[in-house]
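Letter by letter, the chains look like this.
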2 protein chains.
Amino acid sequence: MSGLAIHEARLLGRLHALGQIGRDGENRLTRLAASDTDRAGRDALVGWLREADLDVVVDRIGNIFGIWRTHANAAEAPLLLGSHIDTVIDAGIYDGCYGVLAGLEVIETLRAAGLTPVRPIAVAAFTNEEGVRYAPDMMGSLVHAGGLSVEEALASIGTDGTTLGAELERIGYAGVAEPGFLRPHAYVELHIEQGPVLEREGVPIGAVATLQGISWQRVVMEGTANHAGTTPMSMRRDAGYAAARVIAFVNEQARKAHDPSVATVGCIAFEPNAINVIPARATFTVDLRDPDEARLAAGEAALAIFLDEVAASEGVSVSVERLARFSPVAFDAGIVALIEQAAAGRGLAYQRMTSGAGHDAQMMARMAPAAMIFVPSLGGISHNPREHTPQADLVAGANVLLDVVACLADAKGDRHGYGS
Amino acid sequence: MSGLAIHEARLLGRLHALGQIGRDGENRLTRLAASDTDRAGRDALVGWLREADLDVVVDRIGNIFGIWRTHANAAEAPLLLGSHIDTVIDAGIYDGCYGVLAGLEVIETLRAAGLTPVRPIAVAAFTNEEGVRYAPDMMGSLVHAGGLSVEEALASIGTDGTTLGAELERIGYAGVAEPGFLRPHAYVELHIEQGPVLEREGVPIGAVATLQGISWQRVVMEGTANHAGTTPMSMRRDAGYAAARVIAFVNEQARKAHDPSVATVGCIAFEPNAINVIPARATFTVDLRDPDEARLAAGEAALAIFLDEVAASEGVSVSVERLARFSPVAFDAGIVALIEQAAAGRGLAYQRMTSGAGHDAQMMARMAPAAMIFVPSLGGISHNPREHTPQADLVAGANVLLDVVACLADAKGDRHGYGS
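What counts and what doesn't
Residues numbered from 1 in each chain as written. Chains lettered and ligands numbered in written order. Predicted model: local features only at pLDDT ≥ 70, side-chain atom pairs only at ≥ 80, totals over all residues. Heavy atoms only, no water. Contact = heavy atoms within 4.5 Å. Buried area = accessible area lost by both parts, 1.4 Å probe. Salt bridge = Lys/Arg side-chain N within 4 Å of Asp/Glu carboxyl O. Polar contact = N/O pair within 3.5 Å; in protein donor to acceptor, adjacent residues only side chain to side chain. Helix = DSSP H or I, 4+ residues; strand = E, 2+ residues; numbered from the N terminus. Nonpolar A, V, L, I, M, F, W, Y, C, P; charged D, E, K, R; others polar. Buried < 20%, exposed > 50% of the residue type's maximum accessible area, 1.4 Å probe, protein only. Pairing = 2+ DSSP bridges. Expected span 1.5 Å × (residues − 1). Least-squares fit on C-alpha atoms with pLDDT ≥ 70 in both.

Q: What exactly am I supposed to notice about the interface of chain B and chain A here?
A: How big an interface is tends to be reported as the loss of accessible area on association of its parts. With 65 residues of chain B in contact, the opposing surface of chain A contributes 65 residues. Of the roughly 5,300 Å² buried between chain B and chain A on both sides combined, carbon and sulfur atoms contribute 59%. The three residues of chain B that bury the most area against chain A are Met233, Tyr241 and Ile275 of chain B, which together make up 15% of that side's buried surface. Seen at the junction of chain B and chain A, the total is 2 salt bridges. Two residues, Glu314 of chain B and Arg255 of chain A, come together in a salt bridge whose shortest N-O distance is 2.7 Å. At the junction of chain B and chain A, the tally comes to 20 residue pairs in polar contact (both at pLDDT 80 or more). Element by element, the count of residues in the side of chain B that touches chain A is highest for helix α8 (residues 239-256) of chain B, at 9 residues. When the residues that make up the side of chain B that touches chain A are grouped by side-chain class, the tally is 30 nonpolar, 23 polar and 12 charged.

Here it is in structure tokens:
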């Protein structure tokens, strides 16, 4: 227990202010990585970091860090908080932004209270967590953790044909710091659940102990464009029909598997995409997730076999590109226990859980002890304008983060069993 | 038998010249209705019509007519030939263009031979036959025949959000003549088969006696956008999966039906179309064709029932928009017989057949006796850059058209049993 409390109005005010940046003519919120609207969001965040008198550092992949360090603690490994501020298309205002702004809020609260942590405390906004415009997702934290070279990441070609490196230069967020320059003592990420569990259980705080594995693939099926009226069904090589069979299969396989298995086809395109022409090419994405690595691999294998079957029966060719592949993650048991203690200390119900979504924390777990705090998402809705978390839960989550940070930032590794 | 022959090099030269107009950077041929490339193709055609000293008339829907009339025959109803010069995306060079340029070729040949037909002979290039950019297809001939008001047609919104009327104004082909101003004595259209029948049978000339009915619909399925990782399969309303089930059903129903039944889903779009978001909306087109009206209607009914089933089982909403609906057509028996006689007269094998594709002739059949002549398409391939018809077949078809025209243009209605 820090005995402190975050400044509710400041946190909620910034959260709603950021949520107004990147609205289109139909009031749809979209801040795709390294876009003009992402730049506007980044500018607002950097402004707040500077107001809080933090050292602002941008690295080569565009990750933004706000660092509170003192003469006394500058030599220590910093405690890092963070998440992301890029969004999906037509997004809600909480995903990612909540964790970044709560991290800033916690630092300001501790500083205002005159605390002198024995190690620096920093907050990070990682580039391209959503992966909508550039693959893979969680790119900024992956590069920071050394899982992907910065050159490879900057060379990523976007869905709009742009190159990430050029876009970061264009919006002014191609920094000079080498990714990974900040090696954290520990990493803690506060995030909305984006799922239905906490609301259904009536529990305000989730202590995230594990995270699902993710497999992203892009499938291209190629047949023959031909006249829709004159080509007998028996003589067709219809890439669109072949794709439809695969989309149905992917969904039905996941329904048959154990409950946590999920599968989604979110993107599709036909060519030439004309009403009276049999599709010559169908391109679609497959998103498979599972907390069990063996089951995730089995799902990938089943898809590969079915693709070959459809290719043979429909006379189409198939090519598959792996866009992202991350194994399930187990977070640091010590920090997870600390989160539970902090929740208990504030009289908040909590439960251990698995994250169904990918998060920057899974990348940071490669280089430091890490864990996550979840708060409820009404209806489990996310990646949607109706994404919502009640204010009381937003405040409770930030105060739990505050207590965890207060503890970790002056922990010498001999308290709460942490680090032992 | 006219005893004449068309000028092969002139016809083939124009066909290849027109086929070079509207190529993109990858050498793909695309002249969508009322686009800049369509304008370029129209300009070339009008140039050739003027070189042939024909009266050029453009009507309000952009149909182009080249009319050969004399003082002696100006009072008679003209014999009309024609087709279209708009194309699909990444098209071949023969579809439509062959019929228009062969019509012009026949007029020039008759004129050069000093013939004096008892009625005017005209060639038409009808607007938006393909229907790729604006629906319905065969629009120009449909409006000419009085099946659609010119105001309604000009108000059509394109796949790119443009309005046909504004685009015709922009490219300079919004004429002043009232559609239907030319009431033909008869209409004859020469076209590539776009199907495999003639090549398979080794027959160079098809006398088209009937034409398939066509049903075009646009289906929109709406579910809920949600996070691909955190939303259990059981809690999803996945519009993309629902669409995939319908696409598979449409194809499999047609395979089960009698051989001539065909069904195609050529266009699709998901929203928001993001790899990690469950599709909130799927929009796709359905193209059903059948020479039998009852079977076509049964196919539409089966689709409607299945859409309701999927909507109920997947928790999505469905809306259907009818884009086009044309019943099967029987062409004029007298002209069909005349085509067979003309082929026989030149020692060419021929056969009666059904058209699987929609053509302007089916619209013109509403206002005048009409029929079509088909020539082989190698491999039945069309709406594809590999669309090809051997030169000998192109020439043979044009010469059969020449003889049919020579006969119809001076027929008083008492020869060949035509009109009796």
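Q: Would you explain the pairing of strand β5 (residues 186-192) of chain A in this entry?
A: Along a regular strand, successive side chains alternate from one face of the sheet to the other. Residues and elements named next belong to chain A. Burial runs high along β5: 7 of the 7 residues are buried. Summarising the sheet, strand β3 (residues 79-83) and β5 pair through 3 bridges and their orientation is parallel. Note on β5: the bridge partner recorded for Leu80 is Tyr187. The pairing of β5 with strand β14 (residues 370-375) spans 6 bridges and is parallel. Paired with Val188 across the strands is Ala371, a residue of β14.

Q: I keep staring at helix α2 (residues 36-51) of chain A and nothing clicks. Help me out?
A: Because each turn of an α-helix spans 3.6 residues, side chains separated by three or four positions end up pointing in the same direction. All names here are of chain A. When the terminal C-alpha atoms of α2 are compared, their 23 Å separation across 16 residues agrees well with the 22 Å that a helix rising 1.5 Å per residue should span. Looking only at α2, the buried set comprises Asp38, Gly41, Arg42, Ala44, Leu45, Val46, Trp48 and Leu49. The inward-facing, buried residues of α2 contact α1 (8-18), β1 (55-58), β2 (64-68), α3 (97-112), β4 (121-125) and α6 (164-171).

Q: Explain the relation of the copies chain B and chain A here, please?
A: The relation between the two copies of this chain is a rotation about an axis and a shift parallel to it. Each copy superposes on the other: chain B lies on chain A with an RMSD of 0.0 Å after a rotation of 180° and an axial shift of 0.0 Å. The operation mapping one copy onto its partner corresponds to a two-fold rotation axis. Among all C-alpha atoms of chain B, that of Ala244 of chain B lies closest to the rotation axis, at 2.2 Å. Of all interface residues in chain B, 100% are interface residues in chain A too; the two copies therefore contact each other through one and the same surface.

Q: I'm lost on the environment of Lys256 of chain B in this one. Help?
A: Note that Lys256 of chain B resides in helix α8. Side chain to side chain, Lys256 of chain B and Gln253 of chain B meet in a polar contact 3.1 Å long.

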